[in-house]
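One-letter residues, chain by chain:
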Amino acid sequence: MTAQLISGKELSQEKRVEMKSDVEELKRKGITPGLAVIIVGHDPASQTYVRGKQRACEEVGIHSLLIELEEDTKEEELLAKIDELNVDEAIDGILVQLPLPSQINEQAVIEKISPAKDVDGFHPINIGRMMTGQVCFLPCTPHGIVEMVKSQQIELEGKHVVVVGRSNIVGKPVGQLFLNENATVTYCHSRTNDLKQYTTQADILIAAAGKQHLIRGEHIKAGATVIDVGIHRLDNGKLTGDVNFDEAREKAAYITPVPGGVGPMTITMLLHNTILSAKRSRL
Ligand code: NAD
């Protein structure tokens, strides 16, 4: 069996076309959705991600404001900047690119962002609302993953979803979203004994461990759906994931590539949240 690709790039393009006309409609009503992105320091990977987000905003007509702060920025300065943006009527979404330099407490920053502008969906209020199935901003990477699986009309109810990784931004919330879809969810992590015992039971396997090619063919049940969240840069400059793609595609029925899989969908769901925020607060 050779797995069918779930292209996050193509699904993103489709969604962004719809978003563009949504934004045009809002603009006719005098509303231009606005996203503020704050980057602290000069981490090259963060700069690449931020540029990608800005380009995507331009593509769909969202106003994007980039705020670049020095590496030695004090926590109070960053919190004060967020306070300003929280009351700025032209800004519907605030995103602080992580990781932050060590002098800044990440959680304090996340909690400073108004939950109504928390388009990353990291604020404890939005996380709590997600867990209890209420209206909220869903975190972008997990939301994008669910959208990719749904795009293939793959049934979720009663399916066994195994998540490898339990970070606050990917692993934990993606499991919660599949639970909300009536799947049965198992979490594996760095202390799990015999990873393969669990992954081979997965109808849908989410690899979000941040370990290059951790998931091999032998970890996959025949006919499973495999979602690769990992991003790793090889010595030759190319990107690869947490899944050994060549082995996995011989076992799985559906698989996401790296690049062109989860990455573009993450940005697309950020655009979605920003437009949603503008509609919620300004229509
Ligand atoms: P993280 O380092 O915060 O968390 C990794 C998790 O994996 C931890 O919970 C850990 O317990 C688990 N883990 C580590 N080694 C393991 C092992 N050998 N077996 C089982 N579990 C193991 O990472 P993160 O922020 O969740 O990101 C994970 C990966 O996804 C990274 O490669 C990151 O670059 C990528 N990522 C991609 C996107 C995207 O848009 N495509 C978004 C966020 C993160």
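Structure shown above.
Each value, and the rule that gives it
Residues numbered from 1 in each chain as written. Predicted model: local features only at pLDDT ≥ 70, side-chain atom pairs only at ≥ 80, totals over all residues. Heavy atoms only, no water. Helix = DSSP H or I, 4+ residues; strand = E, 2+ residues; numbered from the N terminus. Rg over C-alpha atoms; globule rule 2.2 N^0.38 Å. Buried < 20%, exposed > 50% of the residue type's maximum accessible area, 1.4 Å probe, protein only. Near = heavy atom within 4 Å. Polar contact = N/O pair within 3.5 Å; in protein donor to acceptor, adjacent residues only side chain to side chain. Areas by Shrake-Rupley, 256 points an atom, 1.4 Å probe, with all protein chains shown as cover. Nonpolar A, V, L, I, M, F, W, Y, C, P; charged D, E, K, R; others polar. Disulfide = S-S within 2.5 Å. Core = buried A, V, L, I, M, F, W, Y, C linked by side-chain atoms within 4.5 Å. Contact = heavy atoms within 4.5 Å. Pairing = 2+ DSSP bridges. Phe/Tyr/Trp six-rings, centres within 6.5 Å; stacked < 30°, edge-to-face > 60°. Lys NZ or Arg CZ within 6 Å of the ring centre and 35° of its normal. Axes fitted to C-alpha atoms, helices over the stretch in contact; angles between N-to-C directions. Parallel < 35°, antiparallel > 145°, perpendicular 65-115°, else oblique. Salt bridge = Lys/Arg side-chain N within 4 Å of Asp/Glu carboxyl O.

Chemist: Tell me about the overall build of the chain, and name the residues and values.
Modeler: When you go through the chain residue by residue, the secondary structure sums to ten helices and eleven strands. Here the C-alpha atoms of the chain give a radius of gyration of 19 Å, agreeing with the 19 Å that 2.2 N^0.38 yields for 283 residues. Projected onto its principal axes, the C-alpha positions of the chain cover 50 × 40 × 40 Å. Within the chain, the proportion of its 283 residues that are buried is 49%.

Chemist: Requested: an account of the site of the ligand, with residues and values cited.
Modeler: Neighbouring the ligand are 21 residues, the closest being R166, S167, H189, S190 and T266. A distance of 2.8 Å separates an oxygen atom of the ligand from a polar backbone atom of R166. Within the side chain of S167, an N or O atom sits 2.5 Å from an oxygen atom of the ligand. When the ligand sits alone it has 860 Å² of accessible area, and the protein chains cover 72% of it. At three residues, helix α10 (residues 262-282) tops the list of elements feeding residues into the shell around the ligand. Its residues assigned to classes, the shell around the ligand shows nine nonpolar, ten polar and two charged.

Chemist: Outline the state of the cysteines, supporting the account with residue identities and numerical values.
Modeler: Inspection of the entire model under this criterion finds zero disulfides. You can see C136 has no disulfide; the closest cysteine sulfur is in C140, sitting 11 Å from it. C140 forms no disulfide, and the closest cysteine sulfur to it belongs to C57, at a distance of 11 Å.

Chemist: Could you give me a rundown of the nonpolar core, with the residues and numbers involved?
Modeler: Membership of the largest hydrophobic core comes to 45 residues, with the highest contact counts inside it found for F178 and I206. At the level of secondary structure, the elements contributing two or more residues to this core comprise α1 (8-28), β2 (34-40), α2 (44-60), α6 (140-151), β5 (160-164), α7 (171-180), β7 (204-207) and α10. With eight residues, α10 is the largest single contributor of residues to this core. With residues near it in sequence (within four places) discarded, I206 still touches I145, V161, V162, V163, V164, V174, F178, I227 and V229.

Chemist: Kindly report on the sheet that holds strand β6 (residues 184-188), identifying the contributing residues and their values.
Modeler: The strand order across the open sheet formed by six strands is β1-β11-β8-β7-β5-β6, and the pairing between neighbours is parallel. Two strands close off the open sheet at either side, each with one partner strand: β1 (4-5) and β6.

Chemist: Go over unusual backbone geometry with me, naming the residues and quoting the values.
Modeler: Of note, the bond from L98 into P99 is cis; its omega dihedral lies within 30 degrees of zero at 0°. By secondary structure assignment, the location of P99 is in the loop between β4 (93-96) and α4 (106-112). Here the residue pair V258 and P259 is connected by a cis peptide bond, since its omega of 0° sits within 30 degrees of zero. For P259, the location among the structural elements is in the loop between β11 (254-255) and α10.

Chemist: Just give me the short version of the packing of aromatic side chains, but keep the residues and values in it.
Modeler: Inspection of the entire model under this criterion finds zero aromatic pairs. The ring of F137 carries the charged tip of R280 above its face, separated from the ring centre by 4.8 Å.

Chemist: Lay out the packing of α1 against α6 in plain terms, naming residues and giving numbers.
Modeler: Here α1 crosses α6 at 95°, and the two axes come no closer than 11 Å. When the axis of α1 is compared with that of α6, the two are roughly perpendicular. Together, G8, L11 and K15 of α1 and E147, M148 and S151 of α6 make up the contact between the two elements.

Chemist: Now, about the pattern of salt bridges: what can you tell me, with residues and values included?
Modeler: As enumerated under the stated definition, the model contains eleven salt bridges in all. Note that K81 and E84 form a salt bridge whose closest N and O atoms lie 3.0 Å from each other. Remark: E84 and K81 occur in helix α3 (residues 75-86); sequence separation between them is three residues, near one turn of the helix. Between E181 and K150 there is a salt bridge whose closest N-O contact spans 2.9 Å. Placement of E181 in the loop between α7 and β6 and of K150 in helix α6 is noted, with a sequence separation of 31 residues between them. Via salt bridges that share partners, E25, R28 and K29 belong to a single interconnected network.

Chemist: Tell me about the side chain of Q176, residues and numbers included.
Modeler: Tracing the chain through its elements places Q176 in helix α7. Of the residues examined, Q176 reaches a relative accessible area of 10% and is grouped as buried. Setting aside residues no more than four positions away along its own chain, Q176 makes contact with M130, M131 and Y187.

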